[in-house]
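# Survey of secondary and tertiary structure
Okay, here's what each chain looks like letter by letter:
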Amino acid sequence: QVQLVESGGGLVQAGGSLRLSCAASGRIFSINDMGWHRQAPGKQRELVAFITTGGSTNYADSVKGRFTISRDNAKNTGYLQMNSLKPEDTAVYYCAAAVVTTALTTPYTYWGQGTQVTVSS
């Protein structure tokens with residue numbers, strides 16, 4: 001089994017910064033794409049950013065230039081650096097990772113439990 005545990009959420013004023021972490025543990029052979037999603041109250045979950053094994057990144061238009069996704073493959077950990085936070089960034093943030101558990105299996109996407117980010121105006 002594989003577990004993803006997010007950390008780093010909290011309450012911050014507008015204009016502030018937070019850094020989210022997503023640590024994967026368990027039976028891991030390799031991790032392909034990793035991504036961060038968020039869900040605000042009354043809204044659908046949306047993709048914020050993702051990063052490939054090779055380090056290519058993609059961002060939602062709403063966070064481009066403010067958020068940076070990265071990963072440490074040796075630690076099976078992903079990060080989301082969030083700068084210039086806005087009240088509209090308030091949401092529960094979830095990490096997801098496409099994990100390969102053995103050399104013979106295909107990737108399966110695991111999700112973390114989510115971490116709350118609240119940005120006050």
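Residues numbered from 1 in each chain as written. Predicted model: local features only at pLDDT ≥ 70, side-chain atom pairs only at ≥ 80, totals over all residues. Heavy atoms only, no water.

## Quick word on the overall build of the chain
Applicable threshold: Counting from the N terminus, the helices are DSSP H or I runs at least four residues long and the strands are E runs at least two residues long. Restricting the calculation to C-alpha atoms gives the radius of gyration, and the globule rule supplies 2.2 Å times the number of residues raised to the power 0.38. Note on classification: 1.4 Å probe, protein chains only; a residue is buried when its accessible area is under 20% of the maximum for its type, exposed when over 50%, partly exposed between these limits. Whether two residues are in contact is decided by their heavy atoms, any of which lying within 4.5 Å being enough. For accessible areas, the Shrake-Rupley method is used with a probe of radius 1.4 Å. Any residue's cover is judged against the shown protein chains and nothing else.
When its secondary structure is counted, the chain shows zero helices and 11 strands. Put simply, the chain runs from its N terminus to its C terminus through helices and strands in the order β-β-β-β-β-β-β-β-β-β-β. Over its C-alpha trace the chain gives a radius of gyration of 14 Å, about what one expects of a compact globule, namely 14 Å for 121 residues. Across its three principal axes, the chain shows a C-alpha extent of roughly 50 × 25 × 25 Å. For the chain, the proportion of its 121 residues judged to be buried stands at 42%. Residue pairs in contact within the chain that sit at least 24 positions apart in sequence constitute 56% of those at least 6 positions apart. With an accessible surface of roughly 6,400 Å², the chain has 49% of that area assigned to carbon and sulfur atoms.

## As for the side chain of Thr77
Filter applied, for reference: Pairs of N or O atoms are called polar contacts if they sit within 3.5 Å, as long as, within protein, a hydrogen donor faces a hydrogen acceptor (for residues adjacent in sequence, only side-chain-to-side-chain pairs).
Take Thr77: it is sitting in strand S8 (residues 77-82). A polar atom in the side chain of Thr77 sits 2.9 Å from the backbone oxygen of Lys75. Once you skip the residues sitting within four places of it in the chain, Thr77 turns out to touch Cys22, Ala23, Met34, Arg71 and Asp72.

## Concerning the environment of Ala98
With respect to the helices and strands, the residue Ala98 is situated in strand S9 (residues 91-100). Take Ala98: its relative accessible area is 14%, and that puts it in the buried class. Along the backbone, Ala98 and Val117 are 19 residues apart, and their C-alpha atoms lie at a distance of 24 Å. Apart from the residues within four sequence positions on either side, Ala98 is in contact with Ser30, Ile31, Asn32, Asp33, Pro107, Tyr108 and Thr109.

## Some points on the sheet that holds S8
Sheet strands pair via backbone hydrogen bonds, and the direction of the pair is either parallel or antiparallel. For clarity, the cut-off: The pairing criterion for strands is at least two bridges between them, as found by DSSP. Axes here mean lines fitted to C-alpha atoms, for a helix over just the part in contact, with angles spanning 0 to 180 degrees between N-to-C directions.
An order of S1-S3-S8-S7 is seen for the four strands of this open sheet, with the pairing classed as antiparallel. Each of the sheet's edge strands pairs with one partner strand only, and the pair in question is strand S1 (2-7) and strand S7 (67-72). In this sheet, adjacent strand axes meet at a mean angle of 15° when their direction is disregarded. Pairing of strand S3 (residues 18-26) with S8, which is carried by six bridges, proceeds in the antiparallel orientation. Directly across from Cys22, in S8, lies its bridge partner Gly78.

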